[in-house]
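Architecture at a glance
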Amino acid sequence: MSLLVVGLSHRSAPVSVLERASLAADAQAKLLQDTLAAEPATEAAVLATCNRIELYADVDKFHAGVAELSTLLAQHSGVGLEELTPYLYVHYEDRAVHHLFSVACGLDSMVVGEGQILGQIKDALARGQELHTAGRLLNDLFQQALRVGKRAHSETGIDRAGQSLVSFGLQQLAAGADPALWAGGKRALVIGAGSMSSLAAATLARTGVAEIVVANRTRARADRLVEILQQGDDTAVRARAVEMSAVGDELTRADIVVSCTGSTGLVLTADALADALGVTLDAAPEAPAVTAVAPAPDDVDQHAAWVENGSAASAAHAGPATPRRVTVPAQSTGPVRLALLDLAMPRDIDGAAHRIAGVRLVDIESLADASADAPMAADVDRVRTIVSDEVAAFGAAQRAAHVAPTVVALRTMAADVVAGEIARLDGRLPDLDEKQRAEITQTVRRVVDKLLHAPTVRVKQLASEPGGAGYADALRELFDLDPQTVAAVSRADLNDPNRGRS
């Protein structure tokens, strides 16, 4: 069995495609269940964030796995396979491990070094465990990814290489000014009470806004977020919760709006924003759009190469991807009366808001363009070294684990042989006293243990090296071990309730 990941992210696809391909929680659960029902996969996990959708699986057939996972992503995202395929990337075995570890460290984030991805990886693992789609491989992989991410943040300055998406978004709204000075004393409206909205509210509070109003479809969650904000020792922000029906009224008093909900439709239309500001939508002429060249994905195996050429070698030599052009609407000119930060995918705020005089809109797409030229800190190279080392260690541990059931089965067989011979000895020498019998039993066990020690230790060492998976098969052949016995050991290890818990 081998690890395979098929996905798309802000590096490979335009925001318009990511927006349409986003997966709600119930869709993610159905995707996992259908992946396990598919023939090539025995384990599955999905990592879905505002700027990436990735399906991880343990498969027994590479090409069949790529085709099946791609088809499932298309079916559940609602984007046709033919349209989705050019934006998909594929990573396999060690490359798949390297990709997830890089994601966990924030190297693949829209804003390099952001730490929120760790919580999203943790959620993906919890979902796989809850639905019983994550087995031994994916449990080990995702838990190790969390450890690698934490190590990168604790041992390097990767946090300084970038900022959280919220902080970076506020920086863009401030348009070059100090965000703390820009936001100081302002009133903020936060729409949504999930993890991203909570992070936004906490960031706004630390930035120095005077008041935060939280609106959410579930009032209890909004109340809870307000309670958390008011309990903070490092802020003195006023906070209150309102129903979603009060958003229109709150818009008339707000200076900053941050929205991140799970809605599939717009939460704030351009008309609603214009009404709140008391202007006509068409009052401000639409500024000409600006066409910018976004950077081509670096180190991305383009899925199209797999489909067209059908081999790993073809993807490896597919060459650099063509830079994609994105059209970013220019913002209206004049003083900013209302600053909007849309962190949702799909978007919460109507893109036509840029046509309203006095409105500045920053969304996922504009953040992607702005962060493309962000300077990389020297610590990024240190994190890359950590990732490479951890990938090698993970591979060695997995290969060693592959041979462990065979070693256990061998020792079990040896113990059975010893027990059988001692039973025969009892029949032949029934007059042995307990002390004599115990000494003979211990002597036979020591002989067997010494004979098995060197080969079992050596086979574990050899199995941890690249290409070492065949040593388990050799051990089974040499000692004529029953494959069903080895499989039973593997199942017992997999079903251990204490395994995979951190």
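Our subject is the structure listed above.
Since the structure is predicted, the reported quantities are computational estimates derived from the model, not experimental observations. (Residues numbered from 1 in each chain as written. Predicted model: local features only at pLDDT ≥ 70, side-chain atom pairs only at ≥ 80, totals over all residues. Heavy atoms only, no water.)

1. Considerations on the side chain of His 10
- Checked against the element boundaries, His 10 lands in the loop between strand S1 (2-9) and helix H1 (15-21).
- Owing to a relative accessible area of 11%, His 10 belongs among the buried residues under this scheme. (Helix = DSSP H or I, 4+ residues; strand = E, 2+ residues; numbered from the N terminus. Buried < 20%, exposed > 50% of the residue type's maximum accessible area, 1.4 Å probe, protein only.)

2. Some thoughts on empty space enclosed by the protein
- The full count for this structure, using the stated rule, is three cavities of 30 Å³ or more.
- Its volume calculated, the largest cavity comes out at about 110 Å³.
- Lining the largest cavity are 13 residues, and of these Cys 50, Asn 51, Glu 114, Gln 120 and Leu 165 lie nearest its centre.
- The greatest single-element share of the lining of the largest cavity, amounting to three residues, is contributed by helix H6 (residues 116-130).
- Residue composition of the lining of the largest cavity, by class: six nonpolar, five polar and two charged.
- What lines the second largest cavity is Val 15, Glu 19, Asp 342, Ala 344, Met 345, Arg 347, Asp 363, Ile 364 and Glu 365. (1 Å grid on protein atoms, 1.4 Å probe; cavity = no way out; pocket = protein on both sides within 12 Å on 5 of 7 lines; lining within 4 Å. Points joined across faces, edges and corners; volume = space filled by probe spheres on them. Nonpolar A, V, L, I, M, F, W, Y, C, P; charged D, E, K, R; others polar.)

3. Considerations on the pairing of strand S8 (residues 256-259)
- With burial as the criterion, each face of S8 is covered, one bearing Ile 256 and Val 258 and the other bearing Val 257 and Ser 259.
- Note: strand S5 (residues 187-191) against S8, four bridges, orientation parallel. Residue pairing in the sheet places Ala 188 in a bridge with Ile 256 of S8.
- Here S8 runs beside strand S11 (residues 338-342); their pairing, made up of four bridges, is parallel. Within the sheet, the bridge partner assigned to Val 257 lies in S11 and is Leu 340. (Pairing = 2+ DSSP bridges.)

4. Observations regarding the pattern of salt bridges
- One pass over the structure, following the stated rule, counts 23 salt bridges.
- Residue Asp 363 pairs with Arg 347 through a salt bridge whose shortest N-O separation is 3.6 Å. Of the two residues, Asp 363 sits in strand S12 (residues 359-363) while Arg 347 sits in the loop between S11 and S12, which places them 16 residues apart along the sequence.
- A salt bridge links Arg 411 to Asp 449, with the nearest nitrogen and oxygen atoms 3.8 Å apart. (Salt bridge = Lys/Arg side-chain N within 4 Å of Asp/Glu carboxyl O.)

5. So, helix H12 (residues 219-231)
- For H12, spanning 13 residues, the distance from its first C-alpha to its last is 19 Å, which sits close to the expected 18 Å at 1.5 Å a residue.
- Those residues of H12 lying buried are Ala 222, Leu 225, Val 226 and Leu 229. Considered in projection along H12, the buried side chains sweep an arc of 100° and stay on one side of the axis. For H12, exposure combined with an orientation more than 90 degrees from the buried face picks out Ala 220 and Gln 231. (Expected span 1.5 Å × (residues − 1). Arc of directions from axis to C-beta.)

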